[in-house]
Amino acid sequence: MKCGRFVELVLRKVGALSAGESAEAEDYKDTKELIDGSMEAMRADGLLWWLVKVSDVAFTGATALRPTDCAVCVYASWNGQPVRLIERLEYERIQDKTETGDPQYLLDDGTNLTLWPVPGTGNLRLTYQREFLPGTQGSDFDVPSALIRPLIDYMAYDISAFFTPPVEVQAKVEKDGVRAFLMIRSLNKQTAEPGPVEAEYF
């Protein structure tokens, strides 16, 4: 689905557009900004499960560049063994940062990934939450097709206060939005644990 179509369906859900109407450029821009902000907040809360990505990051020493689309590191392993994510303060407490061996800890500073102990040449298997791609009016919306309907319902609920729909419309938007949020949240396990995702339908 194209971004422009998604925005129009959200506007119709809140009663801001009638069937057959198209969004004016200014309405599209304002609504798209609200939706992008809501999607970014959901990503920050770990709720956009389809943004999880697994990538092999090549190391020839202690440090390698993090993937350019990485938003948050979730899980890491080296030769099948888990590598624990640590903060800067914990890394700075390590006395000998040149010690070599199979890595046990991973520091992500937002630009580089640093392993300790320092491994030989090899790949770090990194599971991370990639950035949400807002897109433009004619581009594809960055979500899987199965989640289009729940997201339309949830986005309409999230931004409905900006449109003050009639009471009966607002009641339906709220009911559908809460149900949609529960469906989206039920698919969130993958951001916390690598493995199968079990969806619950409400």
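An account of the accompanying structure is given in this report. All of these numbers come straight from a predicted model, not from anything done at the bench.

Here we take up helix α1 (residues 3-13). Counting buried positions along α1 gives 9 out of 11 residues, so the element sits mostly inside the fold. Among the residues of α1, those classed as buried are Cys-3, Gly-4, Phe-6, Val-7, Glu-8, Leu-9, Val-10, Leu-11 and Lys-13. Packed against the buried residues of α1 are α2 (25-44), α4 (148-159) and α5 (167-186).

Looking now at the sheet that holds strand β4 (residues 81-86). Across the sheet, which stays open at both edges, the 7 strands sit in the order β1-β7-β3-β4-β5-β6-β2 with mixed pairing between neighbours. One side of each edge strand has no neighbouring strand; the edge strands of this open sheet are β1 (52-59) and β2 (63-65). Neighbouring strand axes in the sheet, compared pairwise and without regard to direction, differ in orientation by 30° on average. Here strand β5 (residues 105-108) pairs with strand β6 (residues 112-116) via 4 bridges, running antiparallel. Each bridged residue has a counterpart across the sheet, and for Leu-106 the counterpart in β6 is Leu-115.

Membership of the largest hydrophobic core comes to 32 residues, with the highest contact counts inside it found for Phe-6, Ile-35, Met-39, Met-42, Trp-50, Leu-151 and Met-155. Residue contributions to this core peak at 7 residues, all from α4. Sequence-distant contacts of Trp-50, that is, excluding residues within four places in its chain, are made with Met-39, Asp-142, Val-143, Pro-144, Leu-147 and Leu-151. Ranked by size, the runner-up nonpolar core spans 14 residues in total, among them Phe-59, Cys-70, Leu-113 and Leu-124.

Calculation rules
Residues numbered from 1 in each chain as written. Predicted model: local features only at pLDDT ≥ 70, side-chain atom pairs only at ≥ 80, totals over all residues. Heavy atoms only, no water. Buried < 20%, exposed > 50% of the residue type's maximum accessible area, 1.4 Å probe, protein only. Helix = DSSP H or I, 4+ residues; strand = E, 2+ residues; numbered from the N terminus. Contact = heavy atoms within 4.5 Å. Pairing = 2+ DSSP bridges. Axes fitted to C-alpha atoms, helices over the stretch in contact; angles between N-to-C directions. Core = buried A, V, L, I, M, F, W, Y, C linked by side-chain atoms within 4.5 Å.

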